[in-house]
Amino acid sequence: MKEEMSSVDIRYVVRELQWLVGSRVDKIYHDGDEIRIKLRTKEGRADLILQAGKRFHLTSYVREAPKQPSSFTMLLRKHLSGGFIDSIEQHQFDRIVKIRIGNYTLIGELFRKGNIVLVDSENKIVAALRYEEYKDRAIKPKAEYRFPPARENPLEVSFERFLELMREDENLELVRALARKLNMGGLYAEEISIRAGFEKTRPVKELSDDDLRKIYETMMNTFNDKARPNIVFKDGSMHDVVPIELRIYEGLEKRYFNTFSEALDEYFGKLTIEKAKAEKTKKLEAKKRALLATLKKQEEMLKGFEKAMKENQGVGDLIYANYPLIERLLEEFRKATEKLGWEEFRKRIEEGKRAGNKVALMVKGIDPKEKAVTIELEGKKVKLYLNRSIGENAELYYEKAKKFRHKYEGALKAYEDTKRKLEEVENLIEEELRKEVAVKKIERRKKKWFEKFRWFISSEGFLVLAGKDASTNETLVKKHMAENDLYCHADVYGAPHVVIKDGQKAGERTIFEACQFAVSMSRAWSQGLYSADAYWAYPNQVTKQAPSGEYLGKGAFMVYGKRNWLRGLPLKLAVGVINYEGDDYIVCAPVDAMKTHTKRYIVIRPGRLKKGELVKKIRGILEKWGYRVREEDLNAILPPGGGEIDEVAG
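Everything numeric in this text was worked out from a predicted model, so none of it was measured.

Caption draft 1: The confidence of the model for the protein, seen in detail. Counting all residues, the mean pLDDT for the protein is 91, and 97% of those residues have values of 70 or more. Between residues 436–442, whose pLDDT stays under 50, and residues either more than four places distant or in other chains, the model counts 16 contacts.

If you want it as structure tokens, here you go:
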């Protein structure tokens, strides 16, 4: 699988990205070995990614920026933010890109582990991703930047020079000679061999000058071939991403793209995500193994405690079940040891065993120190203490059983805690595995007409629109409210105008949801109210005509005639992602409406959290579900003021 871009890849993507010249640098982000340059272009926002040793292209896979910008980030922002891109170039045919922004040039080295270096107008190093020294150059502050030693450029080499290079070591196979002598790598060396019609393993010494001329012309044509960006798949997995159609990949599955940058973004973006997921899953799997090992030990401990508890309880019960016998034995053993002493008592027991005495045969152990005799009763060993009563002997075993019960209960609690942790880890692993096949990304696209407003789809399938400000309120009522719609408004000063498209066919549920939307999107939310009133009316009741002597400002309208009131509507909304007309949208809507269109949603109410904090919490939950949402997009759909999360469904 391809891990980094080739010289050919860089040639094509640099040529393709020339439209970015003249774009303004908005902000720069740095994370690990990559930087992302947020640009303002003639086409709108664009994000250019430059990863040391790996890649250079536009991206839609935008990571969340680190909370604390690095010193490298701050230096880049200081010198480049607000500047305009003057040029984007490839250095010769090397894996090096140069982005000139005003008096500075950003150099991306995409070979080996790579580097990113900022130089000034005098070619002095201002900052670098990493500072290093080599035998022929040094990457350190204020030093003059030097490119690595030049290699042969196949696009500029003459046929005479090509011939000379190829004849330098004629024992080399064709593919090796091309790759080594002309800085192109094995893939393109093999592709040129195929296109020229020669075996890649054929020694150069077997090729005539005419053969080499044909190879030379094929090389030039290949590196100037018409762009046809595609990702190549092998066995269902991504294998390579290339800017042109390659014969070496004939017969393999391919996916084509409009631009090479899009293909690179799809390939490396998904590769980065999959690697991150694999790494996260790897850690989780290790944690799972550790928990399983702990669980096994705890299971063995529980079995031991349970066994000891039952055995001691059983012995205590056995003593009472054989009360007369145990009482007699205790009395006999006590008298015998007092009269004979413990050593003589032991001898008498041994003699009794040889003689087949039943009582002697019951004795399995003698302990003079503890003044105890162990007997076997109903297949169980029972240690009897001669200086204690039968009740005290039984109580000793019951106390032991009690201690083991306490240990068992403590171990069981720890066992259940480990099981809970294991279940949590397994759920996290399952969630990561689900993301592998169901990761969603809300792409930036041309907005549809209704996105100018706040909007949602009712539980009955009707489009409901609301103004965002005086201007959109004016536009909504004047341009988008038709005679078969319904109009809704909250009894709160400055509340948005709400329109149910085709609303005269809507049922009570949709009207309720639209009126609830009207109160929730009003100042009542920021005032922390829990309920407010709203009404609905027909479009012909809504007019710009003010009473005599009055003037209606922008976004203000009069409503004449009967108003149909809904009292005490709860201020409560839900945030989620719904699919409408084939596209995914992040929407804030009444809870019942949201439930109809998605199983996953976040219920919010007016509350103590500031809006910025609420946005971050919602964004975090959505990202766990696989949705990449910008904070500004969430800000735009949420009601005015802060709030709090009431429920998370899904």
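Caption draft 2: Expanded view of the nonpolar core. Counting residues in hydrophobic clusters, the biggest one holds 76 residues, and the most contacted among them are Phe 56, Leu 106, Phe 162, Leu 178, Ile 215 and Met 219. Residues contacting Phe 56, with those up to four places away along its chain left out, are Met 5, Val 13, Val 14, Leu 17, Leu 48, Ile 49, Leu 50, Ile 88, Val 97, Ile 99, Leu 110 and Leu 264. Val 498, Ala 537, Val 542 and Ile 578 belong to the second largest nonpolar core, which has 74 residues in total.

Caption draft 3: Main features of the packing of aromatic side chains. All chains considered together, the criterion is met by 21 aromatic pairs. Arranged with centres 4.8 Å apart and planes meeting at 65°, the rings of Phe 450 and Trp 455 form a pair that is edge-to-face. Note on accessibility: Phe 450 and Trp 455 belong to one class, buried. Aromatic ring contacts, followed pair by pair, group Trp 449, Phe 450, Trp 455, Tyr 580 and Tyr 585 into a single cluster. Note that Arg 213 overlies the ring of Phe 159, its terminal NZ or CZ placed 3.9 Å from the centroid.

Caption draft 4: Focus on the sheet that holds strand β28 (residues 601–609). The four strands lie next to each other as β27-β26-β28-β29, forming an open sheet whose pairing is antiparallel. Edge positions in the sheet fall to β27 (583–589) and β29 (643–649), since each of these pairs with one other strand and no more. Between one strand axis and the next, the sheet turns by 25° as a mean value, whatever way the strands run. Relative to β27, strand β26 (residues 573–580) runs antiparallel, the two being bridged by seven bridges. Paired with Ala 574 across the bridge in β27 is Ala 589. Of the strands in this sheet, β26, β27, β28 and β29 touch helix α16 (residues 611–624), which is tilted by about 160° from β28.

Caption draft 5: Structural context of the environment of Lys 617. Inspection of the secondary structure assignment puts Lys 617 in helix α16. Taking the C-alpha atoms as reference points, Lys 617 and Glu 644, 27 residues apart in sequence, are found 9.4 Å from one another. Beyond its immediate stretch of four places on either side in the chain, Lys 617 contacts Leu 609 and Ile 645.

Caption draft 6: Quick peek at helix α4 (residues 174–181). Within α4, the full set of buried residues consists of Leu 174, Val 175, Ala 177 and Leu 178. Burial along α4 is one-sided: seen end-on, the buried residues are contained in an arc of 165°. In the core, the buried residues of α4 are packed alongside α3 (159–167), α5 (185–196) and α6 (209–222). Where α4 terminates, the next one or two residues include Asn 183, which has phi positive at roughly 55°.

Caption draft 7: Representation of helix α2 (residues 71–80) within the structure. Residues of α2 that are buried include every one of Phe 72, Thr 73, Leu 76, Arg 77 and Leu 80, and no others. Down the axis of α2, the sector holding all buried residues measures 130°, keeping them to one side. The exposed set on the far side of α2, more than 90 degrees from its buried face, consists of Ser 71 and Lys 78. For α2, the secondary structure elements touched by its buried residues are β1 (24–31), β2 (34–41), β6 (96–101), β7 (104–109), β8 (115–119) and β9 (125–128). A positive phi of about 90° marks Gly 82, the residue just after α2.

What counts, and at which threshold
- Residues numbered from 1 in each chain as written.
- Predicted model: local features only at pLDDT ≥ 70, side-chain atom pairs only at ≥ 80, totals over all residues.
- Heavy atoms only, no water.
- pLDDT = per-residue confidence, 0-100.
- Contact = heavy atoms within 4.5 Å.
- Core = buried A, V, L, I, M, F, W, Y, C linked by side-chain atoms within 4.5 Å.
- Buried < 20%, exposed > 50% of the residue type's maximum accessible area, 1.4 Å probe, protein only.
- Phe/Tyr/Trp six-rings, centres within 6.5 Å; stacked < 30°, edge-to-face > 60°.
- Lys NZ or Arg CZ within 6 Å of the ring centre and 35° of its normal.
- Pairing = 2+ DSSP bridges.
- Helix = DSSP H or I, 4+ residues; strand = E, 2+ residues; numbered from the N terminus.
- Axes fitted to C-alpha atoms, helices over the stretch in contact; angles between N-to-C directions.
- Arc of directions from axis to C-beta.

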